[in-house]
Amino acid sequence: MRLLVVEDEPDLADVIARGLRRDGHAVDVATRQIDADIRLRSAGYDVVLLDWNLPDGSGLQLCRDLVSGELPTLEGDRPRILMLTARDDIEDRVAGLDSGADDYLVKPFAFAELSARVRALIRRDTASDPIIEVGPLELDSARFVAKRDGERLDLTAKEFALLHYFMANAGVVMSQEHLLEHVWDEMTDPLTNVVRVTVSNLRKKLGDPPLITTVAGRGYRLEEG
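Residues numbered from 1 in each chain as written. Predicted model: local features only at pLDDT ≥ 70, side-chain atom pairs only at ≥ 80, totals over all residues. Heavy atoms only, no water.

**Here we look at the layout of surface pockets**
Computed from the structure, the largest pocket encloses a volume of approximately 830 Å³. Lining the largest pocket are 34 residues, and of these Met 1, Arg 2, Asp 46, Ile 122 and His 164 lie nearest its centre. Looking at the lining of the largest pocket, the elements that each hand over two or more residues are helix 5 (111-126), helix 6 (157-168) and helix 7 (176-183). In the lining of the largest pocket, the residues fall into 14 nonpolar, 10 polar and 10 charged. (1 Å grid on protein atoms, 1.4 Å probe; cavity = no way out; pocket = protein on both sides within 12 Å on 5 of 7 lines; lining within 4 Å. Points joined across faces, edges and corners; volume = space filled by probe spheres on them. Helix = DSSP H or I, 4+ residues; strand = E, 2+ residues; numbered from the N terminus. Nonpolar A, V, L, I, M, F, W, Y, C, P; charged D, E, K, R; others polar.)

**Topic: the pattern of salt bridges**
Applying the stated criterion across every chain, the model contains 14 salt bridges. We note a salt bridge from Arg 78 to Asp 102, for which the minimum N-O separation is 3.2 Å. Linking Arg 78 in the loop between helix 3 (59-68) and strand 6 (80-85) with Asp 102 in the loop between helix 4 (90-98) and strand 7 (103-106), this pair joins segments that are 24 residues apart in sequence. Here Asp 149 ties to Arg 148 by a salt bridge, and the two come within 3.8 Å at their closest N and O atoms. Overlapping salt bridges bring together Glu 7, Asp 51 and Lys 107 as one network. (Salt bridge = Lys/Arg side-chain N within 4 Å of Asp/Glu carboxyl O.)

**What to know about the nonpolar core**
Of all hydrophobic cores here, the largest spans 27 residues; its most connected members are Leu 163, Phe 166, Leu 179 and Leu 222. Contributions of two or more residues to this core are made by strand 9 (137-140), helix 6, helix 7, helix 8 (194-206) and strand 13 (219-222). At 7 residues, helix 6 tops the list of elements feeding residues into this core. With near-sequence residues (within four places) excluded, Leu 179 lies in contact with Leu 162, Tyr 165, Phe 166, Met 174, Trp 184, Val 195 and Tyr 220. Core analysis: the second largest hydrophobic core is formed by 21 residues, Leu 4, Ala 30, Cys 63 and Val 106 among them. (Core = buried A, V, L, I, M, F, W, Y, C linked by side-chain atoms within 4.5 Å. Buried < 20%, exposed > 50% of the residue type's maximum accessible area, 1.4 Å probe, protein only. Contact = heavy atoms within 4.5 Å.)

**Quick notes on helix 6**
For an α-helix, 3.6 residues make a turn, and residues three or four places apart therefore share a direction. In this model, helix 6 (12 residues) spans 16 Å end to end at C-alpha, consistent with the 16 Å of a helix rising 1.5 Å per residue. Along helix 6, 10 of the 12 residues are buried, which leaves the element largely enclosed by surrounding structure. (Expected span 1.5 Å × (residues − 1).)

**Section: the sheet that holds strand 8 (residues 131-134)**
Spatially, the 4 strands line up as an open sheet ordered 8-9-10-11, and their pairing is antiparallel. At either end of the open sheet lies a strand with only one pairing partner, and these are strand 8 and strand 11 (151-152). The strands touched by helix 6 are strand 8, strand 9 and strand 10 (145-148); relative to strand 9, the strand with the most contacts, the crossing angle is about 115°. (Pairing = 2+ DSSP bridges. Axes fitted to C-alpha atoms, helices over the stretch in contact; angles between N-to-C directions.)

Such coordinate-based values are descriptive only and should not be taken to indicate function.
Following this line, the structure appears as C-alpha cells:
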C-alpha cells in the first residue's frame, strides 16, 4: 500500500517512514500542509498518517478538506486517515474523529501499535477477510503469509507487497510506471530497474508454471487461471 506521513518533526517522520517501509509499504513524507496538499493531488494514497499541528496550518483542517472533497485526490478516492498527535484530551480525540479521521493515536506511541492500526485501516478498504485467493495463490495480509498450492513462499516485504498488488488486480496489465507509482514511493529513482528486478525475483519464487506474464510493450499481468 502507498502511505503518506504528514509530520513536521523530521526525525519522527523518518523513523515512522523507515518502519513502515520495512513493513513493505511505499511511504512518502510531507512536513508541511502545503507539501501534503501537493502530494495528495498528484499521487494515490491508501492511508494518510496526519499530525494535528503543522507549521503552516492545521492537520485537522486538512482532514476535513479530504473528507469533504474540498481537497481533491488524484484517483478520486479518499484515503483512510490516522491522526497522530500529542493532544490527548477527550475533547481533542472527539474533535479529530468528528472531523472525519478513521483512527486517532496519541504520541508517544509504540511503533508496533502504529503498524497494527495501519494494517487495520487497510483491511477496511480491501475486505473484512484479509485472505485473497487467485488461482493457486493464497495471500493473508494480516499474517504476512503467501502460499502457492498450499506451500508457503519465502518473500521479502517488497515482493509480498508486489504480489498483493498483482493479486488485487489479477488479469490487469500494469506498466512498470504504474507499479512504481503504487508499490514503491518517491524515494525510488524512476529510472531504476527495481520493478523489473523485483518482478523477476518474484516470478522465480512463485515457481512453475509461470503466473506473471510479460505483455510486450505494455507491462506485466498476473494470470487469473
